[in-house]
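# Summary of the model geometry
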Amino acid sequence: MSDKPLSGIKIIDFTHVQAGPACTQMLAWFGADVIKVERPGAGDVTRSQLRDIPDVDALYFTMLNSNKRGLSLDTKKPEGKAVLEKLIKESDVLVENFGPGALDRMGFSWERIQELNPKLILASVKGFSDGHHYEDLKVYENVAQCAGGAASTTGWWKGEHSEPTISAAALGDSNTGMHLAIGILTAYIGRQKTGKGQKVAVAMQDAVLNLCRVKMRDQLRLDKLGYLEEYPQYPHEKFGDVVPRGGNAGGGGQPGWILKCKGWETDPNAYIYFTVQGHAWGPICDALGKPEWKTDPAYTTPKARQPHIMDIFGTIEDWLKDKTKYEAVDILRKFDIPCAPVLSMKELLNDESLRKSGSIVEVPHKVRGSYFTVGSPIKFSDLKPEITASPLLGEHTDEVLAELGYSQDQIKALHEAKAV
Ligand code: COA
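These lines cover the structure that appears in this document, whether it is placed above or below. (Residues numbered from 1 in each chain as written. Predicted model: local features only at pLDDT ≥ 70, side-chain atom pairs only at ≥ 80, totals over all residues. Heavy atoms only, no water.)

Turning to the overall build of the protein, a few remarks are in order. When you go through the protein residue by residue, the secondary structure sums to 17 helices and 11 strands. Referenced to the eigenvectors of the C-alpha coordinate spread, the extents of the protein come out at roughly 85 × 45 × 45 Å. Expressed as a percentage of its 420 residues, the buried residues of the protein come to 45%. Considering only contacts within the protein whose residues lie at least 6 apart along the sequence, 65% involve residues at least 24 apart. Carbon and sulfur atoms provide 55% of the accessible area of the protein, an area that totals close to 21400 Å². Positive and negative side-chain charges in the protein, numbering 50 and 55 respectively, have mean positions lying 2 Å apart. (Helix = DSSP H or I, 4+ residues; strand = E, 2+ residues; numbered from the N terminus. Buried < 20%, exposed > 50% of the residue type's maximum accessible area, 1.4 Å probe, protein only. Contact = heavy atoms within 4.5 Å. Areas by Shrake-Rupley, 256 points an atom, 1.4 Å probe, with all protein chains shown as cover. Lys, Arg positive; Asp, Glu negative; His and termini not counted. Charge placed at Lys NZ, Arg CZ, Asp CG, Glu CD.)

The next subject is unusual backbone geometry. Residues Tyr234 and Pro235 are joined by a peptide bond in cis, for which omega reads 0°. With respect to the helices, strands and loops of the structure, Pro235 is situated in the loop between helix 9 (213-225) and strand 7 (256-260). For Val17, which is not glycine, the phi torsion reads 60° and is therefore positive. Mapped onto the elements of the fold, Val17 is located in the loop between strand 1 (10-14) and helix 1 (19-29). Unusually for a residue other than glycine, Leu50 sits at a positive phi of about 60°.

Another point: the pattern of salt bridges. Considering all chains together, one arrives at 23 salt bridges under this definition. A salt bridge links Lys294 to Asp286; the shortest N-O distance between them is 2.7 Å. In this structure, Asp330 and Arg333 form a salt bridge, with 2.8 Å as the shortest nitrogen-oxygen distance. Overall, Asp330 belongs to the partly exposed group, its relative accessible area being 35%. Each member of the salt-bridge network shares a partner with another, and the members are Asp33, Arg69, Glu399 and Glu403. (Salt bridge = Lys/Arg side-chain N within 4 Å of Asp/Glu carboxyl O.)

Residue pairs three or four apart in sequence face the same way in an α-helix, which turns once every 3.6 residues. Within helix 8 (residues 204-211), burial applies to Met204, Gln205, Ala207 and Val208. Taken down its axis, helix 8 places every buried residue within 165° of arc, on the same side. Packed against the buried residues of helix 8 are strand 5 (121-126), helix 6 (141-147), helix 7 (174-194) and strand 6 (199-203). (Arc of directions from axis to C-beta.)

This part takes up the nonpolar core. Counting residues in each nonpolar core, the largest one holds 38 residues, and the members touching the most others are Ile11, Leu27, Leu180 and Ile184. Secondary-structure elements contributing two or more residues to this core are helix 1, strand 4 (93-96), strand 5, helix 7, strand 6, helix 8 and strand 10 (360-365). In terms of residue count, the dominant contributor to this core is helix 1 (6 residues). Among residues more than four places away in sequence, those in contact with Leu27 are Leu6, Ile11, Ala32, Ala181, Ile184 and Leu185. (Core = buried A, V, L, I, M, F, W, Y, C linked by side-chain atoms within 4.5 Å.)

Applying the stated criterion across every chain, the model contains 10 aromatic pairs. Here Trp281 and Tyr299 contribute two aromatic rings whose centre-to-centre distance is 6.4 Å and whose plane-to-plane angle is 10°, an arrangement assigned as stacked. With Trp281 in helix 10 (residues 281-288) and Tyr299 in the loop between helix 10 and helix 11 (302-305), the pair connects residues that are 18 residues apart, well separated along the chain. Taken individually, Trp281 and Tyr299 each receive the classification buried, so the pair is uniform in this respect. Linked through ring pairs, Trp156, Trp157, Trp257 and Phe313 together constitute an aromatic cluster. Positioned above the aromatic ring of Tyr406, the side-chain terminus of Lys86 is 5.5 Å from the ring centre. In this structure, Lys260 packs its charged tip against the face of Trp264, placed 4.4 Å from the ring centre. (Phe/Tyr/Trp six-rings, centres within 6.5 Å; stacked < 30°, edge-to-face > 60°. Lys NZ or Arg CZ within 6 Å of the ring centre and 35° of its normal.)

Turning next to the sheet that holds strand 8 (residues 271-275). Ordered in space as 7-8-9, the 3 strands form an open sheet in which the pairing is antiparallel. Two strands lie at the open edges of the sheet, namely strand 7 and strand 9 (339-341), each paired on one side alone. The sheet shows a mean angle of 20° between the axes of neighbouring strands, taken without regard to direction. In this structure, strand 8 lies alongside strand 9, joined through 3 bridges in antiparallel fashion. Opposite Tyr273, over in strand 9, you have Ala340 as the bridge partner. (Pairing = 2+ DSSP bridges. Axes fitted to C-alpha atoms, helices over the stretch in contact; angles between N-to-C directions.)

This part covers the pairing of strand 10. As judged from the 6 bridges shared by strand 10 and strand 11 (residues 369-374), these two strands associate in the antiparallel manner. Bridge pairing links Glu362 to Phe372 in strand 11. Between strand 10 and strand 11, which pair antiparallel one after the other, the connecting turn spans 3 residues.

In the neighbourhood of the ligand, 23 residues make up the surrounding shell, with Leu73, Lys76, Gly99, Lys138 and Val139 lying closest. Interatomic distance of 3.1 Å between a backbone N/O atom of Thr75 and a nitrogen atom of the ligand. Summarising the interface, the protein chains cover 84% of the accessible area of the ligand, which totals 940 Å² for the free molecule. When its residues are assigned to classes, the shell around the ligand shows 10 nonpolar, 6 polar and 7 charged. (Near = heavy atom within 4 Å. Polar contact = N/O pair within 3.5 Å; in protein donor to acceptor, adjacent residues only side chain to side chain. Nonpolar A, V, L, I, M, F, W, Y, C, P; charged D, E, K, R; others polar.)

Before going further, it helps to examine the side chain of Asn67. Position of Asn67 among the secondary structure elements: in the loop between helix 2 (59-62) and strand 3 (69-72). A polar contact of 2.8 Å, which involves the side chain of Asn67, links it to the backbone oxygen of Glu386. Excluding anything up to four places from it in sequence, Asn67 contacts Ala28, Trp29, Glu386, Ile387, Thr388 and Ala389.

Nothing here speaks to function; it is all geometry.
Encoded structure:
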């Protein structure tokens, strides 16, 4: 057994697509023994979705299932069910993100799981919480972004594309998985005190909403005041009774915007995000070569600046015209101005610092050769998560069955019955 913090924790990974796999992958990085259970022959649908190489596990799968072992098992067959029962008896956690009721229909209700192993932690992702009026709905990423408040508050409030907008970040999927990981570890620590497992559930709607709490804050402020002073609509446009979409405005007390840099006409990412931090106003004026703004009453306070904040951003864009996004940030960083270049996926993949820190890693894979993936975003002083390849479908079936006490003959019989 390795000495990683989560080593010794055995997890049945009955997850698919993204939300569940993202959770269990992270626990595997930190040392848990994560056994990915998949239907024989087919496996997780992401193995074959959006393939870049014919007949090879798609990146969609490899990037969400590293460090796991693969067990193929048909849990609808009696022989397969018996294997799952044995596994439940010997594991600490079962994680699943099937559609509502699927686990019950398979014969593994919470009551049954408790009979089999009262110490087991059952962790589930669903679209909506138990008892919610939409609890029966199947849910994917964008559905969750709409149900959790992200879509209504993202995007533009006027112009041709002013409809609710989806974020590219997986707020519904991976984010829910991260919440679930916290829930699992909490239940695990709880079990050390009580000796009992418990059911942990995260609804994608709730996980999205949890990230949108500042928008809920804004709704409560809007209800009270009728306006939101940091939104681009203020003070020239009318507010309705719901939080409007704010384009690229800063979400907190610091106005900010995405500004064009040299080359924006041809490069879709030649931009920086610029933040006008209140106490950094002096340095901003120095950086832009506008010392007169430091004493001009139309500029000295955030309140005075807000009515013409877009003109201020226009002036900054003028200053940026002859600077690339990298040159601009190199100047602005000297003045302590919170800013960053808008980075493309290509730039991130090739970013030296991310490679060095292990945030982007190259992983050898038996069939595809090697693949790049996103490594652990959590850094520890005493643990450097080593990212290993995702398993092939059923790669560790015989190994896991043998560990469960099945003889070679019994394993052969399970193969013959097509239960594994
Ligand atoms: N052996 C036998 N059957 C298996 C199996 C196995 N190893 N693994 C899964 N199955 C069966 C299940 O028992 C279920 O069968 P049933 O519907 O006949 O009871 C079926 O496969 C899986 O159903 P479901 O999870 O509903 O799959 P789907 O492809 O129709 O829906 C989702 C996919 C993601 C929409 C749905 O799983 C869902 O809403 N999940 C919860 C929310 C979520 O996590 N969404 C985000 C995904 S990134």
